[in-house]
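Residue strings, one per chain:
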Amino acid sequence: MQASFSNRMIQNPVLSGFHPDPSILRVKDDYYIATSTFEWFPGVQINHSKDLVHWDLLGYPLTRVSQLNMIGEEDSCGVWAPCLSYDKGRFYLIYTDVKSFIGSFKDTHNYLVTAEDIHGPWSEPIYLNSSGFDPSLFHNRDGRKYLVNMVMDHRSYSASKFAGIVLQEYSEAERKLVGPKKVIFKGSHLGVTEGPHLYWKDGYYYLMTAEGGTGYHHAVTVARSRNIDGPYEVAPNTPMLTSRYFPTHELQKAGHGSLVETPDHQWYLAHLCSRPVGQERRCILGRETAIQKMMWTEDNWLRMADGSNFAKLEVPESSLPEYPVEKTPDFDDFDGDELGKFYYSPRIMPQRFADVKARKGYVRIRGQESRTSLNKVSILARKLTSVYARITTKMEFVPEVHQHSAGLILYYDNMNYINLRKYYSETLGQSALSIIHLENGVKTEFLNTRIPVEDKP
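Residues numbered from 1 in each chain as written. Predicted model: local features only at pLDDT ≥ 70, side-chain atom pairs only at ≥ 80, totals over all residues. Heavy atoms only, no water.

*Asks:* Tell me about the overall build of the protein chain, and name the residues and values.
*Replies:* When you go through the protein chain residue by residue, the secondary structure sums to zero helices and 31 strands. For the protein chain, the C-alpha radius of gyration of 23 Å lies close to 23 Å, the compact-globule estimate for 457 residues. Scored against the burial criterion, the 457 residues of the protein chain give a buried share of 51%. Here the contacts in the protein chain between residues at least 6 apart in sequence split such that 51% fall between residues at least 24 apart. Split by element, the accessible area of the protein chain, about 22,200 Å² in all, is 51% carbon and sulfur. (Helix = DSSP H or I, 4+ residues; strand = E, 2+ residues; numbered from the N terminus. Rg over C-alpha atoms; globule rule 2.2 N^0.38 Å. Buried < 20%, exposed > 50% of the residue type's maximum accessible area, 1.4 Å probe, protein only. Contact = heavy atoms within 4.5 Å. Areas by Shrake-Rupley, 256 points an atom, 1.4 Å probe, with all protein chains shown as cover.)

*Asks:* Summarise the sheet that holds strand β6 (residues 56-59); cite the residues concerned and give the values.
*Replies:* The four strands are arranged β2-β3-β5-β6 in an open sheet whose pairing can be described as antiparallel. Whereas interior strands pair on both sides, the edge strands pair on one side only; in this sheet they are β2 (23-27) and β6. Put simply, the sheet's adjacent strands are angled 30° from each other on average, direction ignored. (Pairing = 2+ DSSP bridges. Axes fitted to C-alpha atoms, helices over the stretch in contact; angles between N-to-C directions.)

*Asks:* Explain the pairing of strand β15 (residues 194-201) residue by residue, including any values.
*Replies:* Judged by how many residues are buried, β15 sits mostly within the fold: seven of eight residues are covered. Bridge count for β15 against strand β16 (residues 204-211) is six bridges, and the pairing is antiparallel. Residue W200 lies in a different strand from β16, and its bridge partner there is Y205. Count of turn residues in the β15/β16 antiparallel hairpin: two residues, of which D202 carries a positive phi of about 50°.

*Asks:* Outline the sheet that holds strand β20 (residues 252-261), listing residues and values.
*Replies:* The antiparallel open sheet is built from four strands, whose spatial order is β20-β21-β22-β23. The outermost strands of the open sheet, each flanked by one partner alone, are β20 and β23 (302-304). In this sheet, neighbouring strand axes are inclined to one another by 40° on average, regardless of whether the strands run parallel or antiparallel. Bridge count between strand β22 (residues 288-296) and β23: three bridges; the pairing is antiparallel.

*Asks:* Which residues make up the environment of Q168, and what values do they have?
*Replies:* Mapped onto the fold, Q168 is located in strand β13 (residues 162-171). Judged by relative accessible area, which is 11%, Q168 ranks as buried. When the C-alpha atoms of Q168 and I46 are compared, they prove to be 26 Å apart, with 122 residues separating the residues in sequence. A polar atom in the side chain of Q168 sits 2.9 Å from the backbone oxygen of G179. (Polar contact = N/O pair within 3.5 Å; in protein donor to acceptor, adjacent residues only side chain to side chain.)

*Asks:* Can you explain the pattern of salt bridges? Please cite residues and give values.
*Replies:* One pass over the full model with this rule turns up 17 salt bridges. Where R90 meets E116, a salt bridge forms, and the shortest distance between an N and an O atom there is 3.2 Å. Placement of the pair is R90 in strand β8 (residues 90-102) and E116 in the loop between β9 (105-115) and β10 (126-129), with a sequence separation of 26 residues. The class of E116 is exposed, set by a relative accessible area of 61%. By sharing partners, the salt bridges in this structure join E73, D97 and K99 into a single network. (Salt bridge = Lys/Arg side-chain N within 4 Å of Asp/Glu carboxyl O.)

*Asks:* I'd like to hear about the nonpolar core, residue by residue, with values.
*Replies:* Counting 40 residues, the largest nonpolar core has L167, I184, F185, L198, I228 and Y232 as the members making the most contacts within it. Looking at this core, the elements that each hand over two or more residues are β12 (145-152), β13, β14 (176-185), β16 and β30 (430-439). A per-element tally of this core places β12 first, with four residues. Once residues within four sequence positions are removed from consideration, L167 is found in contact with Y146, L147, V148, P180, K181, K182, I184, L198, I228 and D229. Formed by 22 residues, the second largest nonpolar core is a distinct cluster that contains L25, Y32, V44 and M70. (Core = buried A, V, L, I, M, F, W, Y, C linked by side-chain atoms within 4.5 Å.)

*Asks:* Account for a nonpolar patch on the surface, naming residues and giving values.
*Replies:* A cluster of nonpolar side chains, contributed by V277, I284, V387 and Y388, occupies part of the molecular surface with about 400 Å² of accessible area. Topologically, I284 is positioned in the loop between β21 (267-274) and β22. (Patch = residues over 30% accessible without salt bridge, like charges linked within 9 Å, V, L, I, M, F, W, Y side chains within 5 Å.)

*Asks:* An account of the confidence of the model for the protein chain is requested, with residue identities and associated values reported.
*Replies:* For the protein chain, per-residue confidence averages 93 on the pLDDT scale, and 95% of positions sit at 70 or higher. Here residues 1-6 is modelled with pLDDT under 50, and outside its nearest four sequence neighbours on either side it reaches 16 contacts, counting other chains as well. (pLDDT = per-residue confidence, 0-100.)

*Asks:* Go over the side chain of S434 with me, naming the residues and quoting the values.
*Replies:* Here S434 shows up in strand β30. What makes S434 buried here is its relative accessible area of 1%. A polar atom in the side chain of S434 sits 2.8 Å from the side chain of E445.

*Asks:* Any details on the environment of Y31? Residues and values, ideally.
*Replies:* For Y31, the location among the structural elements is in strand β3 (residues 30-35). Judged by relative accessible area, Y31 falls into the buried class, the value being 1%. In this structure the C-alpha to C-alpha distance between Y31 and N47, which are 16 residues apart in sequence, comes to 8.3 Å. Residues within four places of Y31 in sequence aside, it is in contact with L25, R26, N47, H48, S49, K50, L52, W55, V260, T262, P263 and L320.

*Asks:* I'd love a proper account of the packing of aromatic side chains, names of residues and values included.
*Replies:* All told, the structure shown has 23 aromatic pairs when counted by the stated rule. With a centroid separation of 5.0 Å and 85° between ring planes, the pair formed by W80 and F133 is classed as edge-to-face. One end of the pair, W80, is in strand β7 (residues 78-87); the other, F133, is in the loop between β10 and β11 (136-139), and 53 residues separate them in sequence. Aromatic side chains F334 and Y343 sit 6.0 Å apart centroid to centroid with 20° between the ring planes, which places their arrangement in the stacked category. Owing to a relative accessible area of 17%, F334 belongs among the buried residues under this scheme. (Phe/Tyr/Trp six-rings, centres within 6.5 Å; stacked < 30°, edge-to-face > 60°.)

*Asks:* Give a detailed account of the side chain of E39, specifying residues and quantitative values.
*Replies:* Secondary-structure assignment places E39 in the loop between β3 and β4 (40-41). Buried within the structure, E39 lacks any salt-bridge partner; R347 is the closest side chain of opposite charge, at an N-O distance of 4.6 Å. Setting aside residues up to four positions removed in sequence, E39 forms contacts with M70, E74, D75, S76, C77, G78, S345, P346 and R347. (Lys, Arg positive; Asp, Glu negative; His and termini not counted.)

Set out below in structure tokens:
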């Protein structure tokens, strides 16, 4: 459905609830945003829009273990900072699979998959390097391709171990990185330099990076050079975008940006943000995606359209025609032939244990390992997109031994969750209900919620 343009505002975040590290791309009249999925399968979420306002879930490139094997990986490892690009009829997706992130040593492997259609099929992965994370592929005007990523240095005395942005050429014919590696940018005074993207405009290579760390000092910075391998000059009035100076603003942790141009030469920046709640300022919805309107100054620097560097909740729309899309349904009766694409599971595809074909109107979930496992856990999850929610389900389940349980879970990671469960109680002699709260691995079971339940045939 297409409607005429109306002078409205983009409401941020445009992708609410766990949509971090956005990489935005335009191909003709279509706009795509790829976001990180960490330890959740399927890997890399791609959303689609035609007006930068209304976004719908398109799908996931990484659906096979041969592309992404996350068994045993720690929480918040897995897929980091994908980069989606397009060149000569082919989509390119670069991503990091973080195997571990302990102490000074970071095991981060970078891969490339490609497809002729955004819907797939996507190729088997090409291994690139393991020197750092946040890789990004740049398609130069001369046909050559270059990979940039932040590089780790475990020898560094700096607590962050971030050693700058490294550049290396990628040979499509040889399907590997070739030639010398060069650190082209050490970062600005903000430090913790990561999330690089290269752009070309009006005689300059522009290097956009995330800096300041992914917390409340996060920011987007820009540097430029006449040569792709530098030296790069940091923009005046750095950072270009942040929320670090505005602690009471609703959008916090603004950073990790990616740039797009509309057909009529309007510029927009997709970036991550978070919305803290409560006195402890916990961001319980995770890191989300927002969009800001940008401009180029007379001296060829990128700035926010209003001249500030402050991440806005409302942003002027582009001149693109309005193009509403269907919203992801809140309710699912499992009447379809396939599991909804809005479901996720930690480390394995949900279809490995969730079956909608076995019984019409139901999803049959096969139990596996415990909720604290880093391997195969039967958690069929949806993203929480609002701090206000009512979550209900109907369940047919009769536990037979004390190891059996099923129910609803509000899940942050395998060490932090609240689980309303039905289980077999030997003391009560039948099925019962209880609530288990796990916080940083410490278990609390609310005994006054142990309620006996009659199992009806």
